[in-house]
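Structural features, examined
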Amino acid sequence: MVEWTEFERDTIKDIFSKIDYDVVGPAALTRCLVVYPWTRRYFGNFGALYNAEGIMGNEMVANHGKKVLHGLDRAVKNMDHIKESYCELSQLHSDQFHVDPDNFRLLADCLAIAIATQWGSAFTPDIQAAFQKFLSVVVFSLGSQYH
Amino acid sequence: MSLSAKQKATVKDFFGKMSTRSDDIGAEALSRLVAVYPQTKSYFAHWKSASPGSAPVRKHGITIMGGVYDAVGKIDDLKAGLLSLSELHAFMLRVDPVNFKLLAHCMLVCMSMVFPEEFTPQVHVAVDKFLAQLALALCEKYR
């Protein structure tokens, strides 16, 4: 089981209570699709994702970004049982969506950058460390049911 | 994944804009590296302190960023331009190449914090590619 300090628990709750899901979610997924173009392979039915402009203006991408960010809520509420919380979602991503789990890591990096863009210097090294630790646990959990 | 002419121009342009804050960003990036990835402190055991924000860490971050700026000037042939730095890293420093990616990520975080408007997804991909190419050039002499 993952051990969390009080600072880490407070930081995670604080981040998710303060961020605007409607801004950060779309920003993170958009960045992921622009910066790591191979990730577009999973969104064939989203329309034209051929260039940055197309991706940044795409409503389906924006909506999906919000959905994915809300997918982290269960981990925030359940920090001591993150792996269990994602059992089903992990199976889904493996067996139905066939997503290479390395992509979760790429999206997590984009999420850190999206928040850094919003918060500036308020995104201190300690906060970044706590956030990335949290994301790495989620990333691990999402990959845990792959077989 | 080599840089297009447009991406090279984007990198030069963004680093130009960044130049007044490059020391801060370099210092901050290395600080974040040791804060977020504590295992990287293993390379700095010979320092008085390798903790985030400490003087030796900030100073070295500035040195590294200086090297990155130098590489921007050699963007058309990084392998040739960074030959001696590559030898340094291969034979003396022997930094595990995975750490170049970690530091690159921390640099990107700092750039997005200081230049939220300018660090668009298009700039992000160009700079990310450049830092990856830089890392490859640094690894050239490893084996």
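Predicted, not measured: the structure shown is a model, and the values here were computed from it. (Residues numbered from 1 in each chain as written. Chains lettered and ligands numbered in written order. Predicted model: local features only at pLDDT ≥ 70, side-chain atom pairs only at ≥ 80, totals over all residues. Heavy atoms only, no water.)

1. Some thoughts on the overall build of chain A
- For chain A, the helix and strand inventory stands at nine helices and zero strands.
- Its helices and strands taken in sequence order, chain A reads α-α-α-α-α-α-α-α-α from the N to the C terminus.
- On C-alpha atoms alone, chain A measures out to a radius of gyration of 15 Å, which is about the 15 Å that the 2.2 N^0.38 rule sets for 147 residues.
- Here chain A holds 147 residues, and the buried ones make up 52% of them. (Helix = DSSP H or I, 4+ residues; strand = E, 2+ residues; numbered from the N terminus. Rg over C-alpha atoms; globule rule 2.2 N^0.38 Å. Buried < 20%, exposed > 50% of the residue type's maximum accessible area, 1.4 Å probe, protein only.)

2. Topic: empty space enclosed by the protein
Residues and elements named next belong to chain A.
- The full count for this structure, using the stated rule, is one cavity of 30 Å³ or more.
- Of the volumes computed, that of the largest cavity is approximately 40 Å³.
- Residue assignment for the lining of the largest cavity shows that the elements contributing at least two residues are helix 2 (21-35), helix 4 (59-70) and helix 8 (102-119).
- Split by residue class, the lining of the largest cavity holds six nonpolar, two polar and no charged. (1 Å grid on protein atoms, 1.4 Å probe; cavity = no way out; pocket = protein on both sides within 12 Å on 5 of 7 lines; lining within 4 Å. Points joined across faces, edges and corners; volume = space filled by probe spheres on them. Nonpolar A, V, L, I, M, F, W, Y, C, P; charged D, E, K, R; others polar.)

3. Some words on the packing of helix 2 (residues 22-36) of chain B against helix 6 (residues 98-114) of chain B
Residue and element names in this part refer to chain B.
- For the pair helix 2 and helix 6, the least separation of the axes is 8 Å and the interaxial angle reads 130°. The orientation of helix 2 with respect to helix 6, classified from their angle, is oblique. Considering how the two elements wind past one another, helix 2 and helix 6 form a crossing that is right-handed. Between helix 2, through Ile 25, Glu 28, Ala 29, Leu 30, Arg 32 and Leu 33, and helix 6, the contact on the second element is made entirely by Leu 102, Leu 103, Cys 106, Met 107, Val 109, Cys 110, Met 111, Met 113 and Val 114.
- Of the residues contributing to the contact of helix 2 with helix 6, the split by class is 13 nonpolar, no polar and two charged. (Axes fitted to C-alpha atoms, helices over the stretch in contact; angles between N-to-C directions. Parallel < 35°, antiparallel > 145°, perpendicular 65-115°, else oblique. Left-handed = near helix turned anticlockwise from the far one by under 90°. Contact = heavy atoms within 4.5 Å.)

4. Focus: the confidence of the model for chain B
- Overall, the prediction assigns chain B a mean pLDDT of 96, with 100% of residues at 70 or greater.
- Taken over the whole predicted complex, pTM reads 0.91, whereas the ipTM for its chain interfaces reads 0.84. (pLDDT = per-residue confidence, 0-100.)

5. Digging into the UniProt feature "domain: Globin" (unreviewed entry) in chain B
- Listed under "domain: Globin" (unreviewed entry) in the UniProt record, and renumbered for this structure, are residues 2-143 of chain B.
- Helix makes up 70% of residues 2-143 of chain B and strand 0%, with an end-to-end C-alpha separation of 21 Å. (UniProt positions renumbered as here; feature names shortened; annotations may be inferred.)

6. Observations regarding the side chain of Asp 73 of chain A
Residue and element names in this part refer to chain A.
- By the secondary structure assignment, Asp 73 is in helix 5 (residues 73-77).
- Put simply, Asp 73 is tucked away with no salt bridge, and the nearest opposite charge, on Lys 77, sits 5.0 Å away.
- Reaching out from Asp 73, the side chain makes a polar contact with the side chain of His 70 at a distance of 2.9 Å.
- Contacts of Asp 73, omitting those with residues within four sequence positions, involve Phe 16 and Tyr 21. (Lys, Arg positive; Asp, Glu negative; His and termini not counted. Salt bridge = Lys/Arg side-chain N within 4 Å of Asp/Glu carboxyl O. Polar contact = N/O pair within 3.5 Å; in protein donor to acceptor, adjacent residues only side chain to side chain.)

7. A closer look at the interface of chain B and chain A
- Across the boundary between the two partners, chain B contributes 20 residues, which contact 21 residues of chain A.
- Interface area for chain B against chain A, summed over the two sides, is near 1800 Å², with a carbon-plus-sulfur share of 64%.
- Taken together, the connections running from chain B to chain A amount to zero salt bridges.
- In this assembly, chain B and chain A are joined by seven residue pairs in polar contact (both at pLDDT 80 or more).
- Elements with a minimum of two residues in the side of chain B that touches chain A: helix 2, helix 6 and helix 7 (121-139) of chain B.
- Element by element, the count of residues in the side of chain B that touches chain A is highest for helix 6 of chain B, at six residues.
- Residues belonging to the side of chain B that touches chain A are distributed by class as follows: 12 nonpolar, five polar and three charged. (Buried area = accessible area lost by both parts, 1.4 Å probe.)

8. Quick notes on the side chain of Arg 32 of chain B
- Structurally, the position occupied by Arg 32 of chain B is in helix 2.
- Setting aside anything within four residues of it in sequence, one finds Arg 32 of chain B in contact with Phe 123, Thr 124, Pro 125 and Gln 128 of chain A together with Tyr 37, Cys 106, Val 109, Cys 110 and Met 113 of chain B.

9. Some points on helix 2 of chain A
- Between its terminal C-alpha atoms helix 2 of chain A stretches 21 Å, which fits the 21 Å expected from 15 residues at 1.5 Å a residue.
- When you tally the buried positions in helix 2 of chain A, you get 12 out of 15 residues, the bulk of the element.
- Buried residues belonging to helix 2 of chain A abut helix 1 (6-18), helix 3 (52-56), helix 4, helix 5 and helix 8 of chain A together with helix 7 of chain B.
- Put simply, Asp 20 of chain A is the residue that caps the front of helix 2 of chain A, since its side-chain oxygen is 3.0 Å from the backbone nitrogen of Asp 22 of chain A. (Expected span 1.5 Å × (residues − 1).)

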